[in-house]
Structures are given as structure tokens and as C-alpha cells.
Amino acid sequence: RSGEMAKLTQLIDNEVFRAYATYTTIVLLKMMLMSLVTAYFRITRKAFANPEDTASLGKGESAKKYLRTDPDVERVRRGHLNDLENIVPFLGIGLLYALSGPDLYTALLHFRIFAGARISHTFAYLIPLPQPSRGLSWAVGYAVTISMAYKVLKTALYL
Amino acid sequence: RSGEMAKLTQLIDNEVFRAYATYTTIVLLKMMLMSLVTAYFRITRKAFANPEDTASLGKGESAKKYLRTDPDVERVRRGHLNDLENIVPFLGIGLLYALSGPDLYTALLHFRIFAGARISHTFAYLIPLPQPSRGLSWAVGYAVTISMAYKVLKTALYL
Amino acid sequence: RSGEMAKLTQLIDNEVFRAYATYTTIVLLKMMLMSLVTAYFRITRKAFANPEDTASLGKGESAKKYLRTDPDVERVRRGHLNDLENIVPFLGIGLLYALSGPDLYTALLHFRIFAGARISHTFAYLIPLPQPSRGLSWAVGYAVTISMAYKVLKTALYL
């Protein structure tokens, strides 16, 4: 089976694919960070969604008051959902794009701008920065994904 | 490295893989469209989630009244979340299915029905059409994904 | 084109990739199950989000009372969203990890622990079990994903 392994290793040795692997891992790790930020705000703001999460804060009615929404927690959750809505298309379309034979320079440009846009989006959402900071970051990532989708359809279209 | 590139290109040259690439890109673009529809309803209904988004509509208390939920906005958001819940499994299971060696006709049938079902689901949700239109569209896409998962497990099972 | 097919089949014949295919399909099917659980609770608790879903329960005002949130429905929905937030990173990072040439034993260990953690998380959320059951299940799956991301970046880093 070492022959097969070699072929798999060749995929990860391809520079465009390595760039895709790197930037995809970065944006997915960034998205995962949102879970920790949510947990941080839930604990510091004492705002939980599940009764079992408030058990350590007191018994019965005294714990019930921590079952509430908090503006900071909700803000992080909206940022997290926006990540899902935008990083899932990047994950799929980016993979197909990486396999569609783009040149390395163009591919790196797409991946770097997307990663930069999503990191900016998170800062714009969490600080928060005045609009249109968040809107623009979102739009840049969106446009990069559309551009990759165009290349995929141009190369692979089979209806 | 041209040898590696050739191998990558062969992947995207395979007809089943090209069909997967095409339909995955289509359903992901469709899902991305939901962001634009949400933005459209947020702006026309003046219903925003973040204080910084209402800054252009007035200062202080006068802008605060636009921080509200709107039934049309919430409807699109539910449709968007339903897309995520169903297109993410298609993205993963569909890729593995495309690599599991299905015949082209069967694969195209799966991909086309899934894409049709998700597009119908969106129309049924946004118009909205009376039930069971939305429920059936959802169920058809769900069943196609289960069918592909069965083929993947039959071909690749390694626990 | 049989030569290309052979190459694709080789990918699915690789043991690490087959293990990835198997466990990814399992966790995605588990996530899809959350839709059925949500539907079950919506119907038994009579708690719907869309007016068209309550049409069969009566006309006009009498059906309107079923447009409401229910604690059990909301609990399943939170579990479903938590699946999305954690299984999407596994889907992407796990694929890249499987292609980064890990040894079979280590890869199986990662995939099995992740799948076990997410299944435990669902039981902990839906029963519900007292904390820290759910928190620990979540943390174990999170740590496994970080470990795979580390291997991907170590092998493929190309910025």
C-alpha cells in the first residue's frame, strides 16, 4: 500500500493544495475560537441557555436568573453563525478550486484575501467597529468565494 | 511538479467528480444567496441585530427602534440555517460518495435531485408555499444524502 | 477513463482515507438525526416556527397559539447548532489530516475519539446529563480537532 500512500502524499505536496490546507485550517481554527469566546462571555456575564449549566451558581430559583440572554453573548453567537455561513462555502468551493488547476499566485491571492477578510470580520464584529467595517469584510470574503466558484464552474461544469 | 499537477487535474477531469464539483458549487452559491436575501429584508424592513448597523438611520433613541426582529427576516434566517444543516452533510458525504466509484448515471441522479430539492425548499420557504411543499423538498434532499451515505459505508467501511 | 477511475478508487482504498470516510459519514448522519428529533419535538409539543406549519391544527387564531418556542425544541436546536459548529471543522481539518499521511493507528484514534465525543455530547445534551458531562464531551472533540490541525499545519504549511 505504499504506492497509494505516495499518491496521497503527492496531493498534500502540491503547492496550491498545501496553500488551501493551510488557509482552510487557519479559518476553521479561527471559527472554533468563537466557541471559547462564547464560553468566556457566558461565564463572565453569567448568561446561560441550559438549566444544568447554572447548577454550580446556586439551587432552584436563585440559579434560574442566570438563564438569560446577554447582548455580548448574542453578538459572539451572531459572529459565529456568520462564520459558518461563509466558511462552509469556502471549505467546499475552495477545495474544488484548488483541484481545478489555478496558478499558485492566483490561488494564494484568493486564500490570503479570504482569510484576512474573515479575521477582519471577527474584529469588526467583536470590538465592534463602526459600519461599514463589518459589511466590507463580509463582502470581500463573499466576492473571493464567488470568484473561486466561477473558476470551478468554468473548469469542471458537468450538468 | 507538473506530474503532480497532472494528477490533480485528472481528479477534476473525472466525470463523476466534475458533476460533484458542479452541483456542490450550485447549492453552495444558492446558500450564499440567502445572505443577500437576509440583507435585503433587514434593509427594507428596517430590522437589525446590531446597534452599529442602525447608525445611519438616526442617533440614539431614534435608531434604537430598528433593533428588532422581523418575521420576514427571521423566515429567511431559518431557511439559511436549514441550508447549513442539510448542505454540510451533502458537502462531506457527497465528496466521499463521488470518490467511492459510483457509476456516472446514478451519481448524476443523486446530485441533480439533491440540488433540485434544495432549490424547491428555498422557494417553498420564502414564498411561502403551503405545506407539505417545504417538508417534502426537505425530505427528498435528506433521503438522497442517506442513499449516498449508504454507498460510502458499503464501499469504504473501516471502523 | 478507467485509469482515472482507478486512481480515484485508490484514494478510497487507502485505509486512513477509508477510516476518515467512515467516521465522517457517521458523525454527519448523527448530525442529520437532530433534524428528525427537532421535528419529533415540534409535533409532539405543538411548537412551530412557521404559520404554514400549523395549518393542519386549525384555522386562524386557533392555530396561532402553536407558533411558539418550546424548551425541548430549543434544546435540540442548540445541540444541532453545536454539532454544526464542531463537525464542520472536523469535516475540513479531518480531510486534510487524512491526506497529510498520518499513521493508521494514530488516525483511527483521532477519528474514534471525535465520533465518541460527539455522540456523548448529544446524549449529554438531550437527556440532559448534569454538567460537566456535556462540557467535557465538547472539549474532547475540540481537542482532537486541534491535534489534527497541528499535524496538517506541520505537514502542509504554505503561507
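Residues numbered from 1 in each chain as written. Chains lettered and ligands numbered in written order. Predicted model: local features only at pLDDT ≥ 70, side-chain atom pairs only at ≥ 80, totals over all residues. Heavy atoms only, no water.

**Comments concerning the relation of the copies chain C and chain A**
Here is step 1 of the chain: When chain C is brought onto chain A, the operation consists of a screw motion whose angular component is 120° and whose axial shift is 0.0 Å, with 0.0 Å RMSD remaining. Viewed as a symmetry operation, the transformation between the two copies matches a three-fold axis. Using C-alpha coordinates, one finds that chain C approaches the rotation axis most closely at V88 of chain C, a distance of 4.2 Å. (Least-squares fit on C-alpha atoms with pLDDT ≥ 70 in both.)

**Regarding unusual backbone geometry**
Here is step 1 of the chain: Of note, the bond from Q131 of chain B into P132 of chain B is cis; its omega dihedral lies within 30 degrees of zero at 10°.
Here is step 2 of the chain: Secondary-structure assignment places P132 of chain B in the loop between helix 5 (104-126) and helix 6 (133-156).
Here is step 3 of the chain: Along the chain, I127 of chain C connects to P128 of chain C via a cis peptide bond; the corresponding omega equals -20°.
Here is step 4 of the chain: Residue placement: P128 of chain C occurs in the loop between helix 5 (104-126) and helix 6 (133-156).
Here is step 5 of the chain: Even without a glycine there, the phi angle at K46 of chain B is positive, about 45°. (Helix = DSSP H or I, 4+ residues; strand = E, 2+ residues; numbered from the N terminus.)

**Remarks on the interface of chain C and chain A**
Here is step 1 of the chain: Across the boundary between the two partners, chain C contributes 39 residues, which contact 40 residues of chain A.
Here is step 2 of the chain: For the pair chain C and chain A, the summed buried area comes to about 3,400 Å², and 69% of that belongs to carbon and sulfur atoms.
Here is step 3 of the chain: By the criterion of area lost to chain A, the three top residues of chain C are L96, L99 and Y158 of chain C, representing 20% of everything that side buries.
Here is step 4 of the chain: Taken together, the links from chain C to chain A amount to three salt bridges.
Here is step 5 of the chain: Notably, a salt bridge pairs D53 of chain A with R134 of chain C, separated by 2.9 Å at the nearest N-O pair.
Here is step 6 of the chain: Connecting chain C to chain A are 13 residue pairs in polar contact (both at pLDDT 80 or more).
Here is step 7 of the chain: Elements represented by at least two residues in the side of chain C that touches chain A include exactly helix 1 (2-13), helix 2 (15-44), helix 4 (71-98) and helix 6 of chain C.
Here is step 8 of the chain: Looking at the side of chain C that touches chain A residue by residue, the class counts come to 25 nonpolar, seven polar and seven charged. (Contact = heavy atoms within 4.5 Å. Buried area = accessible area lost by both parts, 1.4 Å probe. Salt bridge = Lys/Arg side-chain N within 4 Å of Asp/Glu carboxyl O. Polar contact = N/O pair within 3.5 Å; in protein donor to acceptor, adjacent residues only side chain to side chain. Nonpolar A, V, L, I, M, F, W, Y, C, P; charged D, E, K, R; others polar.)

**Observations concerning the packing of aromatic side chains**
Two measures describe an aromatic ring pair: the distance that separates the ring centres and the angle between the ring planes.
Here is step 1 of the chain: Under the definition given, this model contains 24 aromatic pairs over all chains.
Here is step 2 of the chain: With a centroid separation of 6.0 Å and 50° between ring planes, the pair formed by F17 of chain C and Y20 of chain C is classed as tilted. Placement of both F17 of chain C and Y20 of chain C in helix 2 is noted, with a separation of three residues, approximately one turn of the helix. With respect to burial, F17 of chain C and Y20 of chain C carry one shared label: buried.
Here is step 3 of the chain: Grouped by ring-pair contacts, the aromatic residues F17, Y20, F90, Y97, F111 and F114 of chain A constitute a single cluster.
Here is step 4 of the chain: Positioned over the ring face of Y125 of chain C is R134 of chain C, at 4.3 Å from the centre of the ring. (Phe/Tyr/Trp six-rings, centres within 6.5 Å; stacked < 30°, edge-to-face > 60°. Buried < 20%, exposed > 50% of the residue type's maximum accessible area, 1.4 Å probe, protein only. Lys NZ or Arg CZ within 6 Å of the ring centre and 35° of its normal.)

**A look at the pattern of salt bridges**
Here is step 1 of the chain: One pass over the full model with this rule turns up 21 salt bridges over all chains.
Here is step 2 of the chain: Through salt bridges with shared partners, a single ionic network connects E52 and D53 of chain A together with R75 and R134 of chain C.

**Things to note about the packing of helix 5 (residues 104-126) of chain A against helix 6 (residues 133-156) of chain A**
Residues and elements named next belong to chain A.
Here is step 1 of the chain: At a minimum axis separation of 8 Å, helix 5 and helix 6 run at an interaxial angle of 155°. Taken together, the axis directions place helix 5 and helix 6 in an arrangement best described as roughly antiparallel. Crossing hand, helix 5 versus helix 6: left-handed. Two secondary-structure elements touch here, helix 5 through H110, F111, I113, F114, A117, R118, S120, H121, A124 and Y125 and helix 6 through S133, R134, S137, W138, V140, G141, V144, T145, S147 and M148. (Axes fitted to C-alpha atoms, helices over the stretch in contact; angles between N-to-C directions. Parallel < 35°, antiparallel > 145°, perpendicular 65-115°, else oblique. Left-handed = near helix turned anticlockwise from the far one by under 90°.)

**Observations concerning the UniProt feature "transmembrane region" (unreviewed entry) in chain A**
Residue and element names in this part refer to chain A.
Here is step 1 of the chain: On the UniProt side, "transmembrane region" (unreviewed entry) is annotated at positions that read residues 20-41 and 87-115 here.
Here is step 2 of the chain: Helix makes up 100% of residues 20-41 and strand makes up 0%, while its end C-alpha atoms are separated by 32 Å.
Here is step 3 of the chain: Strand forms 0% of residues 87-115 and helix 83%; the C-alpha atoms that close the span are 10 Å apart. (UniProt positions renumbered as here; feature names shortened; annotations may be inferred.)

**Points about the interface of chain B and chain A**
Here is step 1 of the chain: Across the boundary between the two partners, chain B contributes 40 residues, which contact 39 residues of chain A.
Here is step 2 of the chain: Linking chain B to chain A there are three salt bridges.
Here is step 3 of the chain: The set of elements that each furnish at least two residues to the side of chain B that touches chain A consists of helix 1 (2-13), helix 2 (15-44), helix 4 (71-98) and helix 5 of chain B.
Here is step 4 of the chain: Per-element accounting of the side of chain B that touches chain A gives the leading share, 18 residues, to helix 2 of chain B.
Here is step 5 of the chain: Its residues assigned to classes, the side of chain B that touches chain A shows 25 nonpolar, six polar and nine charged.

**A short note on the confidence of the model for chain A**
When pLDDT is low, close inspection of the predicted coordinates is not appropriate.
Residues and elements named next belong to chain A.
Here is step 1 of the chain: The predicted model of chain A averages 92 in pLDDT, with 94% of residues at 70 or higher.
Here is step 2 of the chain: Highest mean pLDDT in chain A belongs to helix 5 (98); lowest belongs to helix 1 (residues 2-13) (56).
Here is step 3 of the chain: Note that pLDDT drops below 50 for residues 1-6; the model gives that stretch nine contacts with residues more than four away or on any other chain.
Here is step 4 of the chain: What the predictor reports for the complex is a pTM of 0.94 with an ipTM of 0.93. (pLDDT = per-residue confidence, 0-100.)

**As for the relation of the copies chain B and chain A**
Here is step 1 of the chain: After a rotation of 120° and a shift along the axis of 0.0 Å, chain B superposes on chain A with an RMSD of 0.0 Å.
Here is step 2 of the chain: The residues that chain B uses at the interface reappear at the interface of chain A in only 20% of cases, marking distinct surfaces.

**A few points about helix 4 of chain B**
Residue and element names in this part refer to chain B.
Here is step 1 of the chain: For helix 4, with 28 residues, the first-to-last C-alpha span of 39 Å sits near the 40 Å given by 1.5 Å per residue.
Here is step 2 of the chain: Where burial is concerned, most of helix 4 is hidden: 23 out of the 28 residues are buried.
Here is step 3 of the chain: Its side-chain oxygen 2.8 Å from the backbone nitrogen of D72, D70 forms the N-cap of helix 4. (Expected span 1.5 Å × (residues − 1).)

**Some details on the environment of E74 of chain B**
All names here are of chain B.
Here is step 1 of the chain: For E74, the position within the fold is in helix 4.
Here is step 2 of the chain: According to the relative accessible area criterion, E74 is partly exposed, its value standing at 22%.
Here is step 3 of the chain: Note: C-alpha distance between E74 and Y40 (34 residues apart in sequence) is 12 Å.
Here is step 4 of the chain: A polar side-chain atom of E74 sits 3.2 Å from a polar atom in the side chain of R77.

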